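Remarks on the overall topology
Letter by letter, the chains look like this.
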Amino acid sequence: MNRRISRGASPATPTVPARRRDATSRSGRALRMVVAGSALALTVSGCQYTSEITTMKTYDPGDGVSAQIGALHVNNLLVIAQQQGGPGNVVGLAINGSGQPERISVSTVQAGQQGGDSGAAAVDVPANGTAQLTSGSGQALSVPAVQVPPGAMVQLLVRSNTGQTVVDAPVLPAEGYYANYGPAGGGGSPAASPTQSPAQSPTQAPNQSPTQQPAPTATASPTG
């Protein structure tokens, strides 16, 4: 006997077991986490691709700045001065990468504009060699007047046989590592004060007491 299904009645919805629903939910969450992780990885890698690598940037690792004129490089360029308006010594290492000797001179931009650098001291840099502008052993490349106090920046005019350039260099006091590079000592170590030897008191010879000779005893001659 066939059962008739009423046209108005909807067929029964199949019931999904609870275990199957949990498995489907867990797989959906895992899929969403994988997609989110992939999107985050692509975003981070994209930032790294477009960002500049900081280790590839040129920077000055010392206290001073760098200057370049052709094949002539000057590293750690700075000025040692004790006070504003006083003299200063220019510190730096000149590196000549050419096969010809170079002569380098440094002055303040203000002195160069006023023509006061005509007698500026110069340092000779050998071909494919190096030279210290100011050393702790007495050699000094000096400027007569530094117009800024220690801790400020001064514009320096650097000249060589092949050209010139202007750089902003720091002014530092003659302290710590640069104690022997200041203008007070002429670029060398501070002059040592002469050591006075203690005065020696004259040594008196001991008075010698006169040696008394024993008085001769009179010898009586026998009476005949």
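Source: prediction; values computed, not measured.

Here we look at the overall build of the protein chain
In terms of regular secondary structure, the protein chain is built from two helices and nine strands. Helices and strands appear in the protein chain in the N-to-C order α-β-β-β-β-α-β-β-β-β-β. Every one of the 224 residues in the protein chain was classed for burial, and the buried ones make up 25%. Partitioning the contacts of the protein chain with sequence separation of at least 6, the portion at a separation of at least 24 is 62%. For the protein chain, the accessible surface area stands at approximately 16600 Å², while carbon and sulfur atoms represent 53% of it.

Focus on the confidence of the model for the protein chain
When pLDDT is averaged along the protein chain, the result is 74; 54% of the residues meet or exceed 70. The model gives residues 185-199 a pLDDT under 50, and that stretch makes 22 contacts with residues more than four places away or in other chains.

Thoughts on the side chain of Asn96
Take Asn96: it is sitting in strand 3 (residues 88-96). With sequence-adjacent residues up to four places away left out, Asn96 is seen in contact with Ala71, Leu72, Pro101, Glu102, Val125, Pro126, Ala127, Asn128 and Gly129.

Remarks on the nonpolar core
Of all hydrophobic cores here, the largest spans 26 residues; its most connected members are Leu77, Val90, Ile104, Val106, Leu133 and Leu156. Among the secondary structure elements, those contributing two or more residues to this core are strand 1 (65-69), strand 2 (72-81), strand 3, strand 4 (102-108), strand 5 (122-125), strand 7 (141-143), strand 8 (153-159) and strand 9 (164-172). A total of five residues in this core trace back to one element, the largest contributor, which is strand 2. If we ignore the near neighbours within four places in the chain, the residues touching Ile104 are Leu72, Val74, Ala121, Ala122, Val123, Val125, Leu133, Val158 and Arg159. Of all hydrophobic cores here, the second largest spans six residues; its members include Leu78, Val91, Ala174 and Tyr178.

Points about the environment of Pro183
Locating Pro183 in the fold gives a position in the segment after strand 9. Spatially, the C-alpha atom of Pro183 lies 5.5 Å from that of Gly88, the residues being 95 residues apart in sequence. Other than its neighbours up to four places away in sequence, Pro183 contacts Ile80, Ala81, Pro87, Gly88 and Asn89.

Here's the deal with the side chain of Glu102
Tracing the backbone shows Glu102 in strand 4. Look at Glu102: it is buried, it has no salt bridge, and the nearest opposite charge is Arg103 at 9.1 Å. A distance of 3.3 Å separates a polar side-chain atom of Glu102 from the backbone nitrogen of Asn161. Those residues in contact with Glu102 that lie beyond four places of it in its chain are Leu72, Asn96, Val123, Asp124, Val125, Ser160, Asn161 and Thr162.

Basis of the calculations
Residues numbered from 1 in each chain as written. Predicted model: local features only at pLDDT ≥ 70, side-chain atom pairs only at ≥ 80, totals over all residues. Heavy atoms only, no water. Helix = DSSP H or I, 4+ residues; strand = E, 2+ residues; numbered from the N terminus. Buried < 20%, exposed > 50% of the residue type's maximum accessible area, 1.4 Å probe, protein only. Contact = heavy atoms within 4.5 Å. Areas by Shrake-Rupley, 256 points an atom, 1.4 Å probe, with all protein chains shown as cover. pLDDT = per-residue confidence, 0-100. Core = buried A, V, L, I, M, F, W, Y, C linked by side-chain atoms within 4.5 Å. Lys, Arg positive; Asp, Glu negative; His and termini not counted. Salt bridge = Lys/Arg side-chain N within 4 Å of Asp/Glu carboxyl O. Polar contact = N/O pair within 3.5 Å; in protein donor to acceptor, adjacent residues only side chain to side chain.

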